[in-house]
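Chain by chain, the residues:
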Amino acid sequence: MIAAFRFLREFFSVPRGQPELRQAQYRAFSKQIPLMYFILLTNTWILCGSVYSSAPIELSIYFPMVLTAVCVFRIASWWRSRGKSTTDDHVARALNRTNRLAAVIAIAFTTWSISLFPYGGPLQQAHVAFYMAITVVGCIFCLMHLRSAAFIVALIVNIGFIAFFATSGEPVFIATAANIALVSVTMLIMLLIYYRDFTDMVRARIENHRLANLDPLTNLPNRRRFFSELVEAFATATTNGDGLAVAVVDLDGFKPVNDTYGHVVGDELLIAVGDRLGALCKSIFVARLGGDEFALILRGREQHELLGFGNLVCARLRESFALPNGHMVQIAGSMGIATFPEHDGDAMKLYEKADYALYHSKRNRRGQAVVFTSRHEEELRRDADIQQALTRADLEHELQVVFQPIFSLRSRQIVAYEALARWHSAEFGIVSPAQFIPVAERCDLVQQMTPILLQKALANAAIWDDDIRISFNLSAKDLTSSEGVLRLIATINDSGVSPARIDLEITETSILQDIERVHLYARMLRDLGCGISLDDFGTGFSSLSQLHSLPLTKIKIDRSFVSDLHRKPASYKIVKSMLALARDMGLGCIVEGVESAEETAALTEMGCDHVQGYYFGRPAAKIEAPGQIARRAAS
Ligand code: C2E
Ligand code: CA
Ligand code: CA
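No experiment lies behind these values; they were computed from the predicted model shown. (Residues numbered from 1 in each chain as written. Chains lettered and ligands numbered in written order. Predicted model: local features only at pLDDT ≥ 70, side-chain atom pairs only at ≥ 80, totals over all residues. Heavy atoms only, no water.)

A. Focus on the coordination of the calcium ion (ligand 3). Protein ligation of the calcium ion (ligand 3) involves Asp535 (OD), Asp536 (OD), Glu592 (OE) and Glu592 (OE), the donor distances falling in the range 2.2 to 2.4 Å. Taken in chain order, the donor set of the calcium ion (ligand 3) reads D-D-x55-E. Taking the relative accessible area as the measure of exposure, Asp535 reaches 6% and is therefore buried. (Donors = N, O, S within 2.8 Å, 3.2 Å for Na, K, Ca; no water. Buried < 20%, exposed > 50% of the residue type's maximum accessible area, 1.4 Å probe, protein only.)

B. Quick peek at the side chain of Ser471. Structurally, Ser471 is set in strand S11 (residues 469-473). According to the relative accessible area criterion, Ser471 is buried, its value standing at 2%. When sequence neighbours within four positions are dropped, the list of residues in contact with Ser471 reads Ile406, Tyr417, Glu418, Ala419, Asp503 and Glu505. (Helix = DSSP H or I, 4+ residues; strand = E, 2+ residues; numbered from the N terminus. Contact = heavy atoms within 4.5 Å.)

C. Region of the structure containing the pairing of strand S3 (residues 293-299). By the criterion of burial, S3 is predominantly enclosed, with six of the seven residues buried. Alignment of strand S2 (residues 285-290) against S3, held across five bridges, turns out to be antiparallel. What sits directly across from Phe285, in S3, is Ile297. Where S2 folds back onto S3 in an antiparallel hairpin, the turn is made up of two residues, including Gly291, whose phi is positive at roughly 55°. (Pairing = 2+ DSSP bridges.)

D. Structural detail: the packing of helix H12 (residues 347-364) against helix H15 (residues 433-442). Packing of H12 against H15 brings their axes to within 14 Å, and their N-to-C directions diverge by 125°. The angle between the axes of H12 and H15 places the two elements in the oblique class. Crossing angle aside, the handedness with which H12 passes H15 is right-handed. In contact with Tyr356, Tyr359 and Arg363 of H12, H15 contributes Ala434, Pro438 and Arg442. Taken together, the residues of the contact of H12 with H15 sort by class into four nonpolar, no polar and two charged. (Axes fitted to C-alpha atoms, helices over the stretch in contact; angles between N-to-C directions. Parallel < 35°, antiparallel > 145°, perpendicular 65-115°, else oblique. Left-handed = near helix turned anticlockwise from the far one by under 90°. Nonpolar A, V, L, I, M, F, W, Y, C, P; charged D, E, K, R; others polar.)

E. Molecular detail of the domain arrangement of the protein chain. We note that the domain assignment places domain 1 (2-212), domain 2 (223-372) and domain 3 (385-634) within the protein chain. Computed over C-alpha atoms, the centres of domain 2 and domain 3 are 33 Å apart. (Domains from an automatic or database assignment.)

Here it is in structure tokens:
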């Protein structure tokens, strides 16, 4: 009994707890309700015309005028709400009002039309019946989006109609009542079906919207949602003059986890990272942009606290993660931050700046936060200029190679030269590869450059003594397509230099981008007879177990470990253990960036053989006669 009552009450009320549904109903109503009142009033005044001569003036003019006033007032208020976004509260109140008014107005019009019946002849009476039947159909159509209101009107008018006409004693009217009863039932069934479809559609729309904006793995907002949120936040910040910052986080060492433990563990790690970021950044918008990249939107923060906050986030990401199936993994996160209004532009520019700061963090301050500064702004501008100039450049003529010797401390001989690229730009003069290679990598020009550089390097090596090797740097992009690799192989074959004299240098960071493919292509080059050297060893985040699987022949210890190693016990130990490691793995080892006699002495003491650095020779266009360097090393 109580359940039935509850059901009825709910059936005849505005839906509760579904704000999106109510919003959709409200939007539909703001267009349809004025139309409904228009039908109602037009039909009413036409009926008034019909009964004017027979009915008393109170019924044919005054009462309809009062009803018209009420209706016009309602039309005006709905008309004003068209296209406006309103609060949920307002919408709920408007719909509840409509529900109540539906009853009042239905009773008023039904009573009025029935009270007209006794006046006039059968034609006018027929018009009253026709008016009631047709007007209620129109109204129900217009109210279809709010089941309760449509039902209230249908029940009041049709029950009134059927009861009145069925008891009129007039066979034609009794028949009409039967017609109306049948039509009413059909219409109410249709209404139920339509209303169910409508609510289903609204729900589906909500769900689609949710899915389109949510990252299914971490349940964080996705890339698309991030950008729409950013555009909105940017607009607010611009109008209110608030501060705004974007931070982009990229994980260091995620790929190795994914490759070693598999995708399931990788997914779990991403979920854990998402949770940790979410917990750390309670009032901050956190999104997953894709892969192992996350982004935060920070509103109204002071610029000086941002770096501290960013580093705190990075520090938390360095703490190990205990994953559901028992794995303990450790990774790190680098972060780039850009702030508004310190740098102008739009939302997209702000994101690009944060991304550039991230790129800097990855290159120079791995595992830490970097805030975009005006210096970066200049670099960005310069990079853009370089990119412009590179696309116009005559690479075949403007690219050159210089050679830096690699020296054996044991035999006191030059054993190889490393080829280093130089760009003789018409606009900028001689440009360092540290500057143009990263730009060329980003705009995919490097694949075009490598064969040119390799060809020039090998043309030089072809005239050296046969026992001098040549070392050549490959970019990350060179080992991403089979066409690229086949072109390198063709260049080597055409050069007349034996592959056995060639070492190809790849960096740890380039390997980590796509370890499987790099593995495959490095293998092809290794099978050709080339050596493969791991460049800048020690600066990346890879685990040795991964590098172990690569067909490496040498490692090159990065110069950051070498400077002043005779005075820095930490560096000394690191280099010493790296040397031991290379020996254990059966790999050759070259220590880079040796700049002084003291460093050389310390390295000799450790048992290091191959060295490279300014102390033994700067990069030069022509190779030095071997004797010159041997003398310097001996002195
Ligand atoms: P890298 O492969 O680590 O090359 C060594 C860099 O260190 C060279 O800079 C070299 O001039 C410099 N260097 C050598 N000895 C010393 C020293 O004792 N002290 C100091 N401070 N620096 C020393 P460079 O020629 O400017 O090249 C920079 C980077 O550009 C290279 O680093 C390499 O990653 C990249 N690169 C150079 N040539 C090519 C190329 O043909 N292709 C590609 N993809 N990258 C290249
Ligand atoms: Ca190198
Ligand atoms: Ca290097």
